[in-house]
Amino acid sequence: MKAKYFPIICTLAAGLTLGSCKDSWLDPALRGTNLENNFYKNEGEAFKGLVAVYDVVGWQGGGYVTRTGMADAASDDHFAGGGAANDVNDFQVMTRWDLTPEIGPHNDLWRKGYSGVFRANKLLEKLGSVPMDANKKARFIAECKFLRAYFYFDLIRMFKNIPLLLQPLDVNQMFNVTQAPPADVWAQIEKDLKEAIAETNFPDRIPPTEEKARATKGAAHALLGKVYVYQKKWAEAAAELALVNGTPGVENPTYGYKLLTNFGDLWKSTLPFKFNQESIFEISYTNTSQGVWDCVACTEGNVLNIMVGPRSYNRLTPDAPDYVSGWSFLTVTKELYALMKDDPRFPYTIADLKALSAAGKASYSPGHDDTGYFLEKFAGRVSNRVPSGTPELNFPQNLYDMRLADTYLLEAEALVMNGGGGGAGTRAYALLNAVRARVGLTPIVATIDNIFLERRLELAGEGHRFFDLIRTGRAEDALKSRGFNPQKHYIFPIPFNDLQSTKMEQNKEWGGTK
C-alpha cells in the first residue's frame, strides 16, 4: 500500500477473503479463525485491519460486478451492452429486469456488504485491547463506525429486510441469523454516523501527507444527509447537508469542499485531480498493482475503464480520442444522448462513436445493445496504460462515491420537499444553479422536476440514476418498457443460498413472507 493514496489492496486480514466467497455471505466468517486469534497485537496490525475494512469499499467481484456497473445497467440511461446477450449476465438481467433470487448482481453485492460489516465488527471488537496511541485508536473506531454505516446503507436500500449484526458471531451462531426490522437498521446507521461525527479525533479533512481515501467528518455528514433523504426526513437532511455544502459556490471553510471550476477535470486520472476539492468520499484505484486474470477481484485497477470502452476501437486520425479498445458495456441510451447533446457536460460524459465514425476519425465494432454512444467518463485511455501486469485490469481512474454536486442537489431536493421555495433568492435555487453555473448554464427555478433532471445530467453514468428512480417511486414509469415490475423490483431478493443456510425469510415481493 502506498501510504499517501491508500489504494485498495487484496488482504487476508481478519480472515476475510472476498474472491473466494462463491456460495454464501457466511463463508468469510468461517475462514481464518486461527489467524484472527494471533492478529491485532499492535498499532501496525490494527492499521492493516482498518485497511481490510476499506478494501471492501472498492470491491470488484470476480465477475466484474460493481455497484456502479449494476446501477447503470439497471437504469434508463444505459444498456448492459457487452459482446452478447449473456456477456456478464449479472448486468444483462438488470437491463432486462429478469433477475431471480439465484441469478443477478445482488448476490455479489450482498456478500460485499456483509464482508464489510464483518470486517468492521471484528476490528471494533479487537481495538479495545490493542496497545496503541489513544487518539489514533479513537480515530480508527470512528472510521469503522462510518464504514459499517456505509455498508449497511447500501444493504438496506437494496434489500430492505436484512440482518443487523453489530459484533462478530461464532460459527454456530451464523446459522441462526434472522432479519431485523428496517427501522432498527436505519436507526443504527444514524447512530454509527453520529458517534463518528462526535469523535474529536475524526478529522474534518485529510492532511496532505496522509491517506487520501480515508473517511472524514465531512464524509460522515454527507452520508448521514443521504440517509435522511432516503427516509424522507427532509428537515434533518437539509440541515445535515448544509454543513457539507456551506455557501453555494464558495469553498467550505471547515471541510474544504468546493465545486471544481472545470467539469472535465473531474474525470482526469492523475494528481492533482484525484481527491480534489469536490470529492467527499472517493474510491482509489491504481495502475501499478499488476492485477492478473487469475484474481480479477484482487486487482487495484478500475475494471470499469476497460468494460465501457468501445469494442475494437481504432484511431484513424491524430485528433481522435486515445481510447483503449474495450468491451462495450453500459452503452448510453439514445434518450440520454438526446437530453445531453446540447449540454456543456456532453463531451465529458458521452463518447459519440457514431459521430467519430461518420467523420472518418475512428472505427469500432458494434457490440450487444449498441447505440453508438459510450460512457466517456470512465472510458480507458492509452495514456493510462499500465506499466506492467495485465493492461485491462490496471487502470488508475478513481470513482466518486460522494461528490459536492451530488450533495448540493440532494440538499436542494430536501429543502423543496420540506416545503421551501425554489425561486430566486432561496437556498435551493442557489444550490441548483451553482451546479449549472459551473458549466455555463443559465439559472432555472428549483422545482423537483428541475432538480431531478439536473441530477440525471450532472451525475450520468456514476450509478445514481437507478437509486434516484427507486427511492422516489419513479422507476415504474422510467423502466416499464424493459420489464420492471413495480410489485417486486423496488427491492432486490434475498440471495437464495443464504435462505437455505439461515433463518432468514425471503422478501414478500419475491414470494416470501418478510
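Residues numbered from 1 in each chain as written. Predicted model: local features only at pLDDT ≥ 70, side-chain atom pairs only at ≥ 80, totals over all residues. Heavy atoms only, no water.

Is there a simple way to explain the overall build of the protein chain in this structure?
When helices and strands are counted, the protein chain shows 20 helices and six strands. A compact globule built from 514 residues would reach a C-alpha radius of gyration of about 24 Å, and the protein chain, at 22 Å, matches this within 12%. Seen through its principal axes, the protein chain has C-alpha atoms that stretch 65 × 55 × 50 Å. Taken across its 514 residues, the protein chain has 60% of its residues classed as buried. Roughly 18,800 Å² of accessible area belongs to the protein chain as shown, and the carbon and sulfur atoms make up 51% of that amount. Averaging the locations of the 57 positively and 59 negatively charged side chains of the protein chain gives two centres separated by 1 Å. (Helix = DSSP H or I, 4+ residues; strand = E, 2+ residues; numbered from the N terminus. Rg over C-alpha atoms; globule rule 2.2 N^0.38 Å. Buried < 20%, exposed > 50% of the residue type's maximum accessible area, 1.4 Å probe, protein only. Areas by Shrake-Rupley, 256 points an atom, 1.4 Å probe, with all protein chains shown as cover. Lys, Arg positive; Asp, Glu negative; His and termini not counted. Charge placed at Lys NZ, Arg CZ, Asp CG, Glu CD.)

I would appreciate a short explanation of the layout of surface pockets in the present structure.
Which parts of space are left empty comes out when a probe the size of a water molecule is rolled across the atoms. By volume, the largest pocket is sized at about 380 Å³. The wall of the largest pocket is formed by 19 residues, among which Arg205, Ile206, Phe275, Asn276 and Ser279 lie closest to the centre. Here the lining of the largest pocket is built from residues that sort into ten nonpolar, five polar and four charged. (1 Å grid on protein atoms, 1.4 Å probe; cavity = no way out; pocket = protein on both sides within 12 Å on 5 of 7 lines; lining within 4 Å. Points joined across faces, edges and corners; volume = space filled by probe spheres on them. Nonpolar A, V, L, I, M, F, W, Y, C, P; charged D, E, K, R; others polar.)

Explain the pairing of strand β6 (residues 399–403) to me, please; I cannot follow it from the model alone.
A regular strand places its side chains on the two faces of the sheet in alternate fashion. In terms of burial, β6 is largely enclosed, as five of its five residues are buried. By the bridge criterion, four bridges tie strand β1 (residues 279–283) to β6 in an arrangement that is antiparallel. Bridge pairing in β6 places Ile283 opposite Leu399. (Pairing = 2+ DSSP bridges.)

What am I meant to see in the packing of aromatic side chains here?
Each aromatic ring pair is characterised by the separation of its centres together with the angle its planes make. A full pass over the atoms with the stated rule returns 30 aromatic pairs. Each ring, one from Tyr114 and one from Phe118, has its centre 6.3 Å from the other, and the planes form 45°; the classification is tilted. Placement of the pair is Tyr114 and Phe118 together in helix α5 (residues 106–127), with a separation of four residues, close to one helical turn. Summarising the burial analysis for this pair, Tyr114 and Phe118 share the class buried. Seen in terms of ring centroids, Tyr337 and Tyr373 are 4.1 Å apart; in terms of plane orientation they differ by 5°. Their pairing is stacked. (Phe/Tyr/Trp six-rings, centres within 6.5 Å; stacked < 30°, edge-to-face > 60°.)

In this structure, what is going on with empty space enclosed by the protein? I would like to understand it.
Within the structure shown, the criterion is met by eight cavities of 30 Å³ or more. Approximately 280 Å³ is the volume found for the largest cavity. Arg67, Thr68, Tyr400, Asp401 and Glu462 are the residues nearest the centre of the largest cavity, which is lined by 29 residues in total. Of all elements in the fold, only α3 (67–74), α6 (134–159), α9 (217–230), β6, α15 (404–417) and α18 (465–472) reach the threshold of two or more residues within the lining of the largest cavity. In the lining of the largest cavity, the residues fall into twelve nonpolar, seven polar and ten charged.

How should the nonpolar core be read in this particular structure?
Buried together is how nonpolar side chains tend to be arranged in soluble globular proteins. One finds Met70, Phe146, Ile189, Phe281 and Met307 to be the most contacted residues of the largest nonpolar core, which totals 143 residues. Looking at this core, the element that brings in the most residues is α6, giving 14 residues. The contacts of Phe146, once residues within four sequence positions are left out, are Leu193, Ala196, Phe202, Ala215, Ala219, Ala220, Leu223, Phe281 and Met402. Counting residues in hydrophobic clusters, the runner-up holds eight residues, among them Met340, Phe346, Ile350 and Leu457. (Core = buried A, V, L, I, M, F, W, Y, C linked by side-chain atoms within 4.5 Å. Contact = heavy atoms within 4.5 Å.)

Even after reading the chapter, I still don't get the packing of helix α2 (residues 43–57) against α5, so can you show me in this structure?
Geometrically, a packed helix pair is captured by the angle between its two axes and the distance between the axes. Between α2 and α5, the least distance of the axes is 8 Å, while the angle of their chain directions is 160°. When the interaxial angle is binned, α2 and α5 end up roughly antiparallel. The way α2 lies across α5 gives a crossing that is left-handed. Judged by residue contacts, Ala46, Gly49, Leu50, Ala52, Val53, Asp55, Val56 and Val57 of α2 engage Lys112, Ser115, Gly116, Arg119, Ala120, Leu123 and Leu127 from α5. Residue composition of the contact of α2 with α5, grouped by class: nine nonpolar, three polar and three charged. (Axes fitted to C-alpha atoms, helices over the stretch in contact; angles between N-to-C directions. Parallel < 35°, antiparallel > 145°, perpendicular 65-115°, else oblique. Left-handed = near helix turned anticlockwise from the far one by under 90°.)

Where do I start with the state of the cysteines in this structure?
Simply put, disulfide is the name for a covalent bond between the sulfur atoms of two cysteines. For the structure on display, the rule yields one disulfide. Note that Cys295 is cross-linked by a disulfide to Cys298, the S-S spacing being 1.9 Å. Because the torsion about its S-S bond is 55°, the bridge between Cys295 and Cys298 counts as right-handed. Among the residues examined, Cys295 registers a relative accessible area of 25% and is labelled partly exposed. Overall, Cys298 belongs to the partly exposed group, its relative accessible area being 27%. (Disulfide = S-S within 2.5 Å.)

Where do I start with the environment of Lys217 in this structure?
With respect to the element layout, Lys217 can be found in helix α9. Judged by its relative accessible area of 12%, Lys217 falls in the buried class. As for Lys217 and Ser129, which are separated by 88 residues in sequence, their C-alpha atoms are 25 Å apart. Setting aside anything within four residues of it in sequence, one finds Lys217 in contact with Ile197, Glu199, Thr200, Phe202, Pro203, Asp204 and Tyr255. For Lys217, the side chain forms a polar contact with the main-chain oxygen of Ile197, separated by 3.2 Å. (Polar contact = N/O pair within 3.5 Å; in protein donor to acceptor, adjacent residues only side chain to side chain.)

Quick question: what am I supposed to make of helix α4 (residues 89–96) here?
Residues separated by three or four positions in an α-helix point in the same direction, a consequence of the helix having 3.6 residues per turn. α4 sits mainly inside the fold: six of its eight residues count as buried. For α4, the complete set of buried residues consists of Asp90, Phe91, Gln92, Val93, Met94 and Thr95. As for α4, its buried residues are in contact with α3, α5 and α11 (304–307). Once α4 finishes, Trp97 follows within two positions and takes phi at roughly 55°, a positive value.

What is the right way to read the packing of α9 against helix α10 (residues 234–245) from this model?
Axis separation between α9 and α10 bottoms out at 8 Å; the angle between their running directions is 160°. In terms of orientation, α9 lies roughly antiparallel with respect to α10. Taken as a pair, α9 and α10 cross one another with a handedness that is left-handed. Facing α9, whose interface residues are Gly218, His221, Ala222, Leu224, Gly225, Lys226, Tyr228 and Val229, α10 presents Trp234, Glu236, Ala237, Glu240, Leu241, Leu243 and Val244. Here the residues of the contact of α9 with α10 are counted per class, giving nine nonpolar, three polar and three charged.

Looking at this structure, I do not really get unusual backbone geometry. What am I missing?
For residues that are not glycine, phi is negative in most cases, and the peptide bond is trans in most cases. A cis amide bond links Leu271 with the next residue in sequence, Pro272, at an omega value of 5°. Notably, Lys232 is not glycine yet its phi reads approximately 60°, a positive angle. Among the secondary structure elements, Lys232 is positioned in the loop between α9 and α10. Judged by its relative accessible area of 48%, Lys232 falls in the partly exposed class.

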